[in-house]
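Architecture at a glance
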Amino acid sequence: MGDTRVRFAPSPTGYLHVGGARTALYNWLFARHTGGVFILRIEDTDADRSKPELTTAILESLEWLGLNWDEGPFHQSDRLDQYRAMAAELVRAGHAYPCFCTPEEIQEKRARASGGRPWKYDGTCRNLPEAERQNRMAEGSPHAVRFRVPEAGVTDFKDEVFGQIRIENQELEDFVLLRSDGQPTYHLSVVCDDVEMRITHVIRGADHLSNTPKQILLYRALGAALPVFAHLPLILGPDKQRLSKRHGATSVGAYRDQGILPEALVNFLALLGWTPPGGEEILSREAMVRQFDLSAVSKSNAVFDPEKLAWMNSQYLRALSLDRLVPLVEAELKSAGIESRIISTTEKLRETVALLQPRMRTLKDFSQGGRAFFTDDFEYAEEAERKFWKDPSLPGLLSKLAEKLDKLDCFSAEKAEAALRTLADEAGVKAGLLINAARVALTGQAVAPGLFEVMNLLGRERTVERLRRASHYLGRRAAAP
RNA sequence: GGCGCUAUCGUCUAGGGGUUAGGACGUCAGAUUCUCAAUCUGAAAACCCGGGUUCGAUUCCCGGUAGCGCUACCA
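Note that the structure is a prediction, hence the values are computed from the model and not measured.

1. Examining the overall build of chain A
- Helix and strand counts for chain A come out as 20 helices and 12 strands.
- Over its C-alpha atoms chain A spans a radius of gyration of 32 Å, topping by over 25% the 23 Å that the globule rule assigns to 481 residues.
- The principal-axis extent of the C-alpha atoms belonging to chain A is close to 110 × 55 × 35 Å.
- Evaluated residue by residue, chain A yields a buried proportion of 34% over its 481 residues.
- For chain A, restricting intrachain contacts to residue pairs at least 6 apart in sequence, the fraction spanning at least 24 positions comes to 78%.

Here you go:
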């Protein structure tokens, strides 16, 4: 079990999306679990759609997720010669043949056959007399290379997650291995690479389940040993359609930008189609590696639920040590364009982050709901105003509270609380009214940490100033029509 | 259309011939009263349908239905 070799083989035609990330993760988990090798291979044989900068982005996403590879990245575009050699070898051995039909001719035949059955390549060139074949080759006629699929029999295999799969060979057509421009197709390049890279377990999306028999035929023609196949159920959007851009954020980078932690995304993705024997939901990377098992992977497609991801993220966020969290918060503030003018010392920053940490769900929350903790430039959330700034006596009360706090001998959470409660008594209102109103004044939010801790953190001057600002704002608002 | 695969709460799932069908997210209610996206407690919520096998089927078999995938000189 120690010499397993697996690969993740994205094509750089888009960013790394969560489905691809999960495929990569399962390959990585399997490799680490078995002490094997995890190989990264870039499938960039489609020159038109592949973009080098996307390869870079995919690599970055994998690194961010912590899915380190042991070999590669190999680029298929560097290996075109091997694919051509393999195609030539297959032709020589009679397993493939040159096809001189043009794509246009094929398309036309396909369109004409529209009626009942699906159109399969009709074998025009498969049955070409040898002499004519030689002739056309000598003329240098452009041609593709097609695989000669056996006309009878069945191809079957045992998939690690789906079990026995079988298909009649007559359902398969003579698929193209090499395009007329000399570029390999997917089937040729994967099999060629998987054979040459001595891949032992092919772990990939279930969208390839139906392609597998074709590839098995190729392995056989090549006389190569079959790897174990393990297909993974697909990840769907809320409408049960295959997850795509239409569903909003689907790329790993988009979740990073939303303030999701890589370990949370990894944990969430791991559970989309797999459950450890004990059923735990929050799993350390080590626990995942230790328990991962392909045969426990689910067979049915899974809907991606961003709500559960958010919950999982909050779990990881809260468990994070301040040493790790503070730099992440700093980076978030920076990318949000907030230079923390309010906070002068690192000690203060740690205190602030620690206070906020228990109720933040993502890193983004620090720069959004938590904005007022880092800068004076913040706004009052509309629903906070609606909820806690209804009472008409508030402008006066907040202003009085500011006075009282300003005159305190020494400013602390306890003193501030005492002062506020006294004022509430004197004014004959509930302390809660004042506390909630003051919270909005100080943080702009209806949800925030305990008020007096917030006051203590902000300090007397800033607390007083914000209370006054709110009082004026409310006064003006009341005066307005 | 053909072929393949799949089917347990809204979602992710556990389970498995006899169970009060378990957990998690979300939802709802209560508690906390200084808010809540925090915390605690509780609740509602599922075996796709029809046949068969069986003393008994959600579980096994067959069929249907639905969903997804493949059906390219994309990967």
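We are not done yet, so read on.
2. Re the protein's contact with RNA strand B
- As a structural note, the neighbourhood of RNA strand B is formed by 63 residues, with Glu43, Pro118, Arg179, Tyr186 and Ser300 the closest of them.
- Looking at the surface near RNA strand B, the elements that each hand over two or more residues are α4 (103–112), β7 (163–168), β12 (302–303), α11 (306–319), α18 (431–443) and α19 (451–458).
- Considering every element that reaches the surface near RNA strand B, the biggest residue donor is α18, with five residues.
- For the surface near RNA strand B, the residue count by class is 26 nonpolar, 20 polar and 17 charged.

3. Examining the packing of helix α6 (residues 186–196) against helix α7 (residues 212–222)
- Running from N to C, α6 and α7 cross one another at 55 degrees; their axes reach a closest spacing of 10 Å. When the interaxial angle is binned, α6 and α7 end up oblique. Remark: the crossing between α6 and α7 carries right-handed chirality. Facing α6, whose interface residues are His187, Val190, Val191 and Val195, α7 presents Lys214, Gln215, Leu218, Tyr219 and Leu222.
- Looking at the contact of α6 with α7 residue by residue, the class counts come to six nonpolar, two polar and one charged.

4. Some thoughts on helix α5 (residues 130–139)
- Among the 10 residues in α5, zero count as buried, and that is only a small part of the element.
- Immediately downstream of α5, the backbone of Gly140 shows phi near 80 degrees, a positive value.

5. Re the pairing of β7
- Buried residues are scarce in β7, accounting for zero of its six residues.
- The sheet contact formed by strand β6 (residues 154–159) and β7 spans six bridges and is antiparallel. Across the sheet, Asp156 pairs through a bridge with Arg166, a residue of β7.
- If you look at the hairpin formed by β6 and β7, you'll find three residues sitting between the two strands.

6. Concerning the sheet that holds strand β4 (residues 96–99)
- The sheet built from three strands is open, its strands ordered β4-β5-β8 with antiparallel pairing. For this open sheet the edge positions go to β4 and β8 (176–178), each flanked by a neighbour on one side alone. Going across the sheet, the axis of each strand differs from the next one's by a mean of 40 degrees, ignoring polarity.

7. Observations regarding α18
- Between its first and last C-alpha atoms α18 spans 18 Å; for 13 residues at 1.5 Å apiece the expected length is 18 Å, and the two agree.
- Every buried residue of α18 is listed here: Leu434, Ala437, Ala438, Arg439, Val440, Ala441, Leu442 and Thr443.
- As for α18, its buried residues are in contact with α15 (382–388), α16 (394–407), α17 (413–427), α19 and α20 (460–479).
- Following α18 by one or two positions, Gly444 has its phi on the positive side, about 80 degrees.

8. Focus on the nonpolar core
- Among the nonpolar cores identified, the biggest contains 88 residues, and Leu25, Leu265, Leu269, Leu398, Leu401, Ala437 and Ala438 are the most heavily contacted of them.
- For this core, the leading source of residues is helix α1 (residues 18–34), giving nine residues.
- Setting aside residues up to four positions removed in sequence, Leu265 forms contacts with Leu65, Tyr255, Ile260 and Leu309.
- Within the second largest apolar cluster, 23 residues are counted, among which are Ala144, Val190, Val191 and Cys192.

9. A closer look at the pairing of strand β5 (residues 144–147)
- The side-chain alternation of β5 yields two buried faces, one formed by Ala144 and Arg146 and the other by Val145 and Phe147.
- Of the strand pairs in this sheet, β4 and β5 are connected by four bridges, and their pairing is antiparallel. By the bridge assignment for β5, Pro98 is matched with Val145.
- The pairing of β5 with β8 spans two bridges and is classified as antiparallel. Residue pairing across strands places Val145 opposite Leu178, the latter belonging to β8.

10. Digging into the packing of α18 against α20
- The interhelical angle for the contact between α18 and α20, taken along N-to-C directions, is 105 degrees, at an axis separation of 8 Å. In terms of orientation, α18 lies roughly perpendicular with respect to α20. The residues of α20 that touch α18, namely those facing Ala438, Ala441 and Leu442, are Thr463, Arg466, Leu467 and Ala470.
- Looking at side-chain class alone, the contact of α18 with α20 contains five nonpolar, one polar and one charged residues.

11. A look at unusual backbone geometry
- Of note, the bond from Gly72 into Pro73 is cis; its omega dihedral lies within 30 degrees of zero at 5 degrees.
- Relative to the assigned elements, Pro73 resides in strand β3 (residues 71–75).
- Although it is not a glycine, Lys240 adopts a positive phi angle of roughly 70 degrees.
- By secondary structure assignment, the location of Lys240 is in the loop between β11 (235–236) and α8 (252–257).

About the criteria used
- Each chain carries its own residue numbering, running from 1 in the direction its sequence is written.
- Chains and ligands are labelled by the order in which they are written, letters from A for the one and numbers from 1 for the other.
- In view of the model being predicted, local features appear only for residues whose pLDDT reaches at least 70, and side-chain atom pairs are presented and counted only at 80 or more, with totals across whole chains, interfaces and linings using the full set of residues.
- By the criteria applied, helices consist of DSSP H or I runs no shorter than four residues and strands consist of E runs no shorter than two, each listed in order from the N terminus.
- C-alpha atoms define the radius of gyration in this analysis, and the globule rule sets the expected value at 2.2 Å times the number of residues to the power 0.38.
- Exposure in this text rests on C-beta crowding, where 20 or more other C-beta atoms within 10 Å of a residue's own make it buried, 12 or fewer make it exposed, and counts in between make it partly exposed. The C-beta atoms are placed from the backbone.
- Contact between two residues is assigned whenever their backbone-derived C-beta positions fall within 7 Å.
- By convention here, the C-beta atom is placed from the backbone, and a residue is near a molecule or strand when that atom is within 6 Å of it.
- Here the term charged refers only to Asp, Glu, Lys and Arg, the term nonpolar to Ala, Val, Leu, Ile, Met, Phe, Trp, Tyr, Cys and Pro, and the term polar to all other amino acids, Gly among them.
- Structural elements are reduced to axes, namely lines fitted to C-alpha atoms, with helices fitted over the stretch in contact, and the angle between N-to-C directions of any two is expressed from 0 to 180 degrees.
- In what follows, roughly perpendicular refers to angles from 65 to 115 degrees, roughly parallel to angles under 35, roughly antiparallel to angles over 145, and oblique to any angle outside these ranges.
- Should the near helix be turned anticlockwise from the far one by less than a right angle, the crossing is termed left-handed; should it be turned clockwise, right-handed.
- When DSSP finds two or more bridges between a pair of strands, those strands are recorded as paired.
- The span expected for a helix works out to 1.5 Å for each residue beyond the first.
- Note on terminology: a nonpolar core is any set of buried Ala, Val, Leu, Ile, Met, Phe, Trp, Tyr and Cys residues joined through C-beta atoms within 7 Å.

Structural measurements only, silent on function.
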